[in-house]
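So you can see what is in the structure, the chains are spelled out below.
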Amino acid sequence: MKLITGQTELLSAGLRPSAVTLGKFDGLHLGHRKLIGEVLKAKEEGLETVVFTFSIPPRAFTEREMQPILLTRREKRAHMERLGIGVLVEYPFTEAVCRMEPEDFVKQVLVRGLQVKRVVTGPDFCFGYRRRGDVELLSRLAAVYGYELTVIEKERDAKGRIISSTLVREELGLGHVEQANELLGYPYTVTGEVVHGNHLGRTFGMPTINQIPAKEKLLPPNGVYTAAIEIDGKIYRGVSNVGYKPTIEGDYPKGVETYIFDFNRDLYGKTLDVQLFHYQRREQKFASVEKLKAQLVKDARESRSFFERHPLADDGLCKKTEK
């Protein structure tokens with residue numbers, strides 16, 4: 001996958017004619033994947049497959065406030081590569097870009113920069129200064145600039161709700177990890193480097209890994225989660241705590257601590273993906289380390305039991321509970 005992160009780089013990239021979809025793509029949920037799937041079909045016609053997004057969410061620039069995100073830039077890039085996208089554009093969002101008129105954006109970025117021949121969007125896509133550009137404008141300009149417009153209807157979940165990043169955030173905020181995973185089409189994942197903790201788990205035979213996620217990463221409510229961890233291409237099951245370690249003396253940043261079943265290798269310095277599947281209980285402070293250990297044993301047992309009832313499918317999601 002080719003990554004383009006600058007305006008000059010885009011103009012000098014020498015891309016061949018392309019099919020492009022545009023948006024924030026936070027979470028890369030099933031609705032986003034529907035758009036990307038349509039773009040990927042253009043490979044058969046010899047078109048370059050392009051996802052265009054901004055280096056930061058426009059709202060973060062205009063309101064000077066960063067909303068917690070479902071995917072960090074590193075995570076989003078990894079997903080795009082796995083999906084098979086040819087070119088990912090992370091366009092700088094500057095004052096000039098913020099004030100760019102919609103037709104200028106089409107002419108300068110899509111036509112001149114990306115050599116666009118097909119644009120794929122959802123029905124409510126808006127762009128340009130004060131969001132004055134929309135699907136109607138894109139349709140009118142298609143004849144002027146020689147591209148084809150494909151508008152894809154919104155994807156809905158089993159309850160008929162439109163799948164959106166906002167809906168995924170709402171479900172995660174309630175601790176509904178399984179529902180969020182269904183909307184995403186993959187397990188909600190926290191990525192981070194393994195750092196040293198207090199090594200307490202090792203003293204009672206349950207060594208853990210500690211990760212401090214990126215500050216902009218949205219984490220679900222503090223608590224204990226059934227989890228799986230990808231290490232060197234292999235999936236291991238485990239149990240994770242999201243939070244602050246309230247039982248242990250000292251101040252700790254909010255992080256993810258994971259006990260990996262049947263695993264005892266040095267992972268310090270490695271960047272790992274922890275996949276969350278099920279919310280077990282809230283984070284709590286115990287009266288003693290002994291009581292904490294007893295609860296961790298129960299948590300691990302519950303996690304193992306969950307995976308026995310819900311084996312992992314080939315797509316990384318859990319299979320339906322067997323009756």
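Before reading further, recall that the structure is shown in the block above.
Residues numbered from 1 in each chain as written. Predicted model: local features only at pLDDT ≥ 70, side-chain atom pairs only at ≥ 80, totals over all residues. Heavy atoms only, no water.

Considering the sheet that holds strand β7 (residues 188–195)
And step 1. A barrel is described by the order of its strands in space; here six strands give the closed sequence β7-β8-β11-β10-β9-β12, paired in antiparallel fashion. Strand-to-strand, the axes of this sheet are offset by a mean angle of 45 degrees, without reference to chain direction.
And step 2. Together, β9 (223–231), β10 (234–243), β11 (255–260) and β12 (271–282) form the strand contacts of helix α11 (residues 289–309), whose direction differs from that of β12 by roughly 100 degrees. (Pairing = 2+ DSSP bridges. Helix = DSSP H or I, 4+ residues; strand = E, 2+ residues; numbered from the N terminus. Axes fitted to C-alpha atoms, helices over the stretch in contact; angles between N-to-C directions. Contact = heavy atoms within 4.5 Å.)

Overview of the pattern of salt bridges
And step 1. A full pass over the atoms with the stated rule returns 19 salt bridges.
And step 2. With its nearest N and O atoms 3.3 Å apart, the salt bridge here joins D232 to K270. Taken as a pair, D232 in the loop between β9 and β10 and K270 in the loop between β11 and β12 lie far apart in primary sequence, 38 residues in all.
And step 3. Residue K270 is classed as partly exposed on the basis of its relative accessible area, which comes to 30%.
And step 4. Via salt bridges that share partners, E45, R118 and E148 belong to a single interconnected network. (Salt bridge = Lys/Arg side-chain N within 4 Å of Asp/Glu carboxyl O. Buried < 20%, exposed > 50% of the residue type's maximum accessible area, 1.4 Å probe, protein only.)

Some thoughts on the packing of aromatic side chains
And step 1. Tallied over the full model, the rule gives 12 aromatic pairs.
And step 2. Seen from their ring centres, Y259 and F261 are 5.5 Å apart, and the 75 degrees between their planes marks the pair as edge-to-face. The pair Y259 / F261 is uniform in exposure class, with both members buried.
And step 3. An aromatic cluster is built from F52, F54, Y91, F93, F105, F125 and F127, whose rings are joined through pairwise contacts. (Phe/Tyr/Trp six-rings, centres within 6.5 Å; stacked < 30°, edge-to-face > 60°.)

A short note on helix α7 (residues 135–145)
And step 1. All of the buried residues in α7 are V135, L137, L138, L141 and A142. For α7, the angular spread of the buried residues around the axis is 150 degrees, confining them to a single face. Opposite the buried face of α7, by more than 90 degrees, sit the exposed residues E136, R140, A143 and V144.
And step 2. Packed against the buried residues of α7 are α6 (102–113), β5 (116–121) and β6 (148–151).
And step 3. Backbone nitrogen of E136 and a side-chain oxygen of the N-cap are separated by 3.2 Å at the start of α7; the cap is D134.
And step 4. At the C-terminal side of α7, G146 shows a positive phi close to 75 degrees. (Arc of directions from axis to C-beta. Polar contact = N/O pair within 3.5 Å; in protein donor to acceptor, adjacent residues only side chain to side chain.)

Looking at the side chain of T189
And step 1. With respect to the helices and strands, the residue T189 is situated in strand β7.
And step 2. The contact partners of T189, leaving out residues within four places of it in the chain, are E75, K217, D273, V274 and Q275.

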